[in-house]
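Tertiary structure, described
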Amino acid sequence: MCQTESLQCGCKTLPARSLSPLCTAATLRAPTRKLPSRLHHRRAAMTESPATQSANGGACQRLENGLKPERNGLVKSLHRCQAEEEEEEEEEEVYATSPHDSLYSRPFIESFEETPMLVAVLTYMGYGILTIFGYFRDYLRHWKIEKCYIATEKEEQKDFVPLYQDFENFYTRNLYMRIRDNWNRPICSVPGAKMDLLERESHDYNWTFKYTGRVVQDVINLGSYNYLGFAENTGPCADSVAEVTMKYGVGVASTRQETGNLDRHEEMEKVVARFLGVESAMAFGMGFATNSMNIPALAGKGCLILSDELNHASLVLGARLSGSTIRVFKHNNMQSLEKLLSEAIVHGQPRTHRPWKKILIVVEGIYSMEGSIVRLPEVIALKKRYQAYLYLDEAHSIGALGPRGRGVVDYFGLDTSDVDVMMGTFTKSFGAAGGYIAGKRELIEYLRCNSHSAVYATSMSPPVVEQIITSMKCIMGEDGTTIGRDRVRQLADNTVYFRKRLREMGFITYGNNDSPVVPMMLYMPAKIGAFGREMLKRNIGVVVVGFPATPIIESRARFCISAAHTKDMLDRALSVISEVGDLLQLKYSRHRKLPSLLRHLDNDVYEDIDD
Ligand SMILES: Cc1ncc(COP(=O)(O)O)c(C=O)c1O
């Protein structure tokens, strides 16, 4: 029956073997062959989706060995598994391979170490105590025993329903306010490898701030998304931008369809298409709006959007505005995605069971809170098998990943034609502003007429356009130098070095070895504020993140590595992180990697520390 039935997916007919994951697993299992066990270690880090079982070989055996799958299909701790399997290294085992040998052409190492039990308990207790104190202080404020600095209801409005949700208000007043000084700090320089901050102080427990008039200078910047160091005010890009500003001014005062279509816009879109290796591209004035305004132009009622649970707010908003049905799969988990795809094909739309008009899988290149990289080879395999479309948001990966800096497709050595909608932003690696959609010519022509942000928004400012053109040409080497290529390489080196040193120090970091976004776990609410402040005292600027941007027990610092960071800067930052880590007891890892200069990654030794 599996082989003979067929059903409709949108306007296309799918072979019936797409009906069931079991069926697919069976039909796809390739002949087995012997692989060296070292290869097995690496493959084992991949997902055990039926779609990719054949590629991942022994990963399923790992699960049978009793280790739990992690949030994205990984075993809980890659490190521990590697250590355990080191013992078995000599044994030759039999693994299944895909007909194409492997979906991955390079090692894919990602880890999410489990939160230590004691830390989890203390973190929940911390939030519990803060909440109890919050209610107690609200009680004191109600009876005017404690002075309340927040805006109070006017007498004539006191019978109105509250404008904000109650808990949000409570959280802001009692938890966020204690550490508010860690955010919105005004910067008064280029956000380069170093930056200057305006000093400010609060005399009312962070309700208001006053500027002291002093400037905190030369703070090492570990927070900006300045991956390739193009956020700069000197050099060829800045010179060219200044020239264009003198010629065109800053404002365009019209939309692209009217009088806002400059020759520089046309040139920029050609450069973007060339950079990505696609037929055509279109740029928009804001990255957020690129997602939120273009997804509704591509999907609508009767369509199904399959969205990663950690997708950016702009993707979530776009999906909601489109009116499509949205189903969410576990972060980077191919089993979860395949389950949704096969269910969508089998059951079709709710009630009517008609086939979905369109299925759109929406993923990001690098996830900016987790530091994980999308399992693109597997997503593409699934999208092809189930004949769905793929929307890839490369906001953080474009420029920052791949041997040529051309994003996650370049990183995996894949073909851009396998991604239906390539999206990215100019705000990070290119030091500019705005976003793009790229792909087939028909797609872009369609969006030029149908996307709200294309039709109704004023076009991009000329200096911004020039910054995009010059930085992209520099990365491609079209400026006649190797500056761009060197920066891409420098970023990759800095990333691996920084991540490795943090692991050696005993911190828990999340994400992929090659991701320049490096989350370092803080966990406890009191440590969020303390870490940010202690780092700034030592002239290092960091971003700290807590609930609701992360799960409640997974507060973290998020470092963004840049090609502009020199080794001295990274070493200085690392030594300060270590010092503050000791002060606040942040070295939580039970699988601390012992430092060694000449050890290959596969042979890493881990020191297991019992609870
Ligand atoms: C994945 C992702 N998409 C879109 C955006 C929005 O881009 P922009 O900040 O350029 O508006 C961001 C912002 O950080 C992002 O992380």
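Residues numbered from 1 in each chain as written. Predicted model: local features only at pLDDT ≥ 70, side-chain atom pairs only at ≥ 80, totals over all residues. Heavy atoms only, no water.

This next bit is on the overall build of the protein chain. Summing up its helical and strand segments, the protein chain has 20 helices and 21 strands in all. Restricting to contacts in the protein chain with at least 6 residues of sequence separation, those with at least 24 account for 70%. Element-wise, carbon and sulfur atoms account for 55% of the exposed surface of the protein chain, whose accessible area totals about 27800 Å². (Helix = DSSP H or I, 4+ residues; strand = E, 2+ residues; numbered from the N terminus. Contact = heavy atoms within 4.5 Å. Areas by Shrake-Rupley, 256 points an atom, 1.4 Å probe, with all protein chains shown as cover.)

If you check the shell around the ligand, you find Gly287, Phe288, Asn291, His312, Ser314, Glu364, Asp393, Ala395, His396, Thr425, Thr427 and Lys428 and nothing else. Between the ligand and Gly287, the relevant distance is 3.3 Å, taken from an oxygen atom to a main-chain nitrogen or oxygen of the residue. Interatomic distance of 2.7 Å between a side-chain N/O atom of Asp393 and a nitrogen atom of the ligand. Across the complex, the protein chains shield 86% of the 380 Å² of accessible surface that the ligand would expose by itself. Of the residues contributing to the shell around the ligand, the split by class is two nonpolar, seven polar and three charged. (Near = heavy atom within 4 Å. Polar contact = N/O pair within 3.5 Å; in protein donor to acceptor, adjacent residues only side chain to side chain. Nonpolar A, V, L, I, M, F, W, Y, C, P; charged D, E, K, R; others polar.)

So, on to the packing of aromatic side chains. Here the structure, examined in full by the defined rule, presents 15 aromatic pairs. A ring pair is formed by Phe498 and Phe559, whose centres lie 5.5 Å apart and whose planes are at 80°; its orientation type is edge-to-face. Here Phe498 is found in helix α18 (residues 483-505), whereas its partner Phe559 is found in strand β19 (residues 555-560), with 61 residues between them in sequence. Both residues of the pair, Phe498 and Phe559, belong to the buried class. Three or more aromatic residues joined by ring pairs form one cluster here, namely Tyr104, Phe108, Tyr411 and Phe412. (Phe/Tyr/Trp six-rings, centres within 6.5 Å; stacked < 30°, edge-to-face > 60°. Buried < 20%, exposed > 50% of the residue type's maximum accessible area, 1.4 Å probe, protein only.)

Looking now at the nonpolar core. Grouped together as the largest cluster of nonpolar side chains are 109 residues, with contacts concentrated most on Phe426, Phe498, Phe531, Phe559 and Ile577. Per-element accounting of this core gives the leading share, eight residues, to helix α20 (residues 567-584). Every residue in contact with Phe531, bar those within four places of it in the chain, is listed here: Met520, Leu522, Val542, Val544, Ala557, Phe559, Ile577, Val580, Leu584 and Leu586. Counting residues in each nonpolar core, the second largest holds 20 residues, with Leu298, Val362, Tyr391 and Ile437 among its members. (Core = buried A, V, L, I, M, F, W, Y, C linked by side-chain atoms within 4.5 Å.)

Further remarks concern the environment of Lys500. Mapped onto the elements, Lys500 comes out in helix α18. For Lys500, a relative accessible area of 26% corresponds to the partly exposed category. Taking the C-alpha atoms as reference points, Lys500 and Asn513, 13 residues apart in sequence, are found 8.3 Å from one another.

For the rest of this paragraph, the subject is the pattern of salt bridges. Counted according to the given criterion, the structure contains 28 salt bridges. In this structure, Glu267 engages Lys473 in a salt bridge whose closest nitrogen and oxygen atoms are separated by 2.9 Å. Here Lys473 lies in helix α17 (residues 462-476) and Glu267 lies in helix α9 (residues 263-276), a separation of 206 residues in the sequence. The exposure class of Lys473 is partly exposed, given its relative accessible area of 24%. A salt bridge links Arg448 to Glu445, with the shortest nitrogen-to-oxygen separation between them at 4.0 Å. (Salt bridge = Lys/Arg side-chain N within 4 Å of Asp/Glu carboxyl O.)

Another point: the packing of helix α6 (residues 117-142) against helix α7 (residues 166-174). Each pair of packed helices can be described by the angle between their axes along with the distance between the axes. The interhelical angle for the contact between α6 and α7, taken along N-to-C directions, is 95°, at an axis separation of 10 Å. Here α6 lies roughly perpendicular to α7, going by the angle between them. Residue-level inspection shows Tyr127, Thr131, Gly134, Tyr135, Arg137, Asp138 and Arg141 of α6 in contact with α7, the latter providing Phe170, Tyr171, Arg173 and Asn174. For the contact of α6 with α7, the residue count by class is four nonpolar, three polar and four charged. (Axes fitted to C-alpha atoms, helices over the stretch in contact; angles between N-to-C directions. Parallel < 35°, antiparallel > 145°, perpendicular 65-115°, else oblique.)

For the rest of this paragraph, the subject is the environment of Gly439. Along the chain, the position of Gly439 falls in strand β14 (residues 435-439). Its relative accessible area of 7% is what places Gly439 among the buried residues. Each C-alpha atom of the pair Gly439 and Met422 lies 6.1 Å from the other, and the pair is 17 residues apart in sequence. Those residues in contact with Gly439, other than ones at most four positions away along the chain, are Val278, Glu279, Ser280, Asp420 and Ile444.

In this section: a positive patch on the surface. On the surface, a cluster of positive charge is made up of Lys301, Arg351, Lys357 and Lys358. In this structure Lys358 comes out as partly exposed when scored by relative accessible area, which is 31%. (Patch = residues over 30% accessible without salt bridge, like charges linked within 9 Å, V, L, I, M, F, W, Y side chains within 5 Å. Lys, Arg positive; Asp, Glu negative; His and termini not counted. Charge placed at Lys NZ, Arg CZ, Asp CG, Glu CD.)

This part takes up the sheet that holds strand β17 (residues 540-541). Pairing within the open sheet is mixed, and its three strands lie in the order β6-β7-β17. The open sheet has two free edges, formed respectively by β6 (194-201) and β17, since each of these has just one partner strand. One ladder, built from six bridges, connects β6 with strand β7 (residues 210-221); its direction is antiparallel. Residue Met195 lies in a different strand from β7, and its bridge partner there is Val219. (Pairing = 2+ DSSP bridges.)

Our next topic: α17. Given 3.6 residues per helical turn, the α-helix brings residues three or four places apart onto the same face. Spanning 15 residues, α17 covers 21 Å between terminal C-alpha atoms, matching the ideal 21 Å at 1.5 Å per step. Most of α17 sits inside the fold, with 13 of its 15 residues counted as buried. Where α17 terminates, the next one or two residues include Gly477, which has phi positive at roughly 80°. (Expected span 1.5 Å × (residues − 1).)

Pairing is antiparallel in the open sheet, where three strands are placed in the order β16-β19-β18. Looking at which strands have only one partner, the edges of the open sheet turn out to be β16 (517-523) and β18 (543-545). Going from strand to strand, the sheet's axes swing by 25° on average, the running direction of each strand aside. Sheet analysis places β18 next to β19, joined by three bridges and oriented antiparallel.

As a further point, take the side chain of Ser429. As for its placement among the helices and strands, Ser429 is situated in the loop between β13 (421-425) and β14. On the accessibility criterion, Ser429 (1% relative accessible area) is buried. Within the structure, the side chain of Ser429 is placed 2.7 Å from the backbone oxygen of Ile398, a separation counted as a polar contact. Filtering out sequence-adjacent residues up to four positions away, Ser429 remains in contact with Tyr225, Tyr227, Leu228, Phe230, Ile398, Gly399 and Ala400.

Right, let's talk about the side chain of Arg499 for a bit. Position of Arg499 relative to the elements: it lies in helix α18. Of the side chains bearing the opposite charge, Asp514 lies closest to the buried Arg499, which forms no salt bridge; the N-O distance is 7.6 Å. Once residues lying within four places of it in the same chain are set aside, the contact partners of Arg499 are Gly371, Thr509, Tyr510, Gly511, Asn512, Asn513, Ser515, Val517, Val518 and Pro519.

Distances and angles like these do not, on their own, reveal function.
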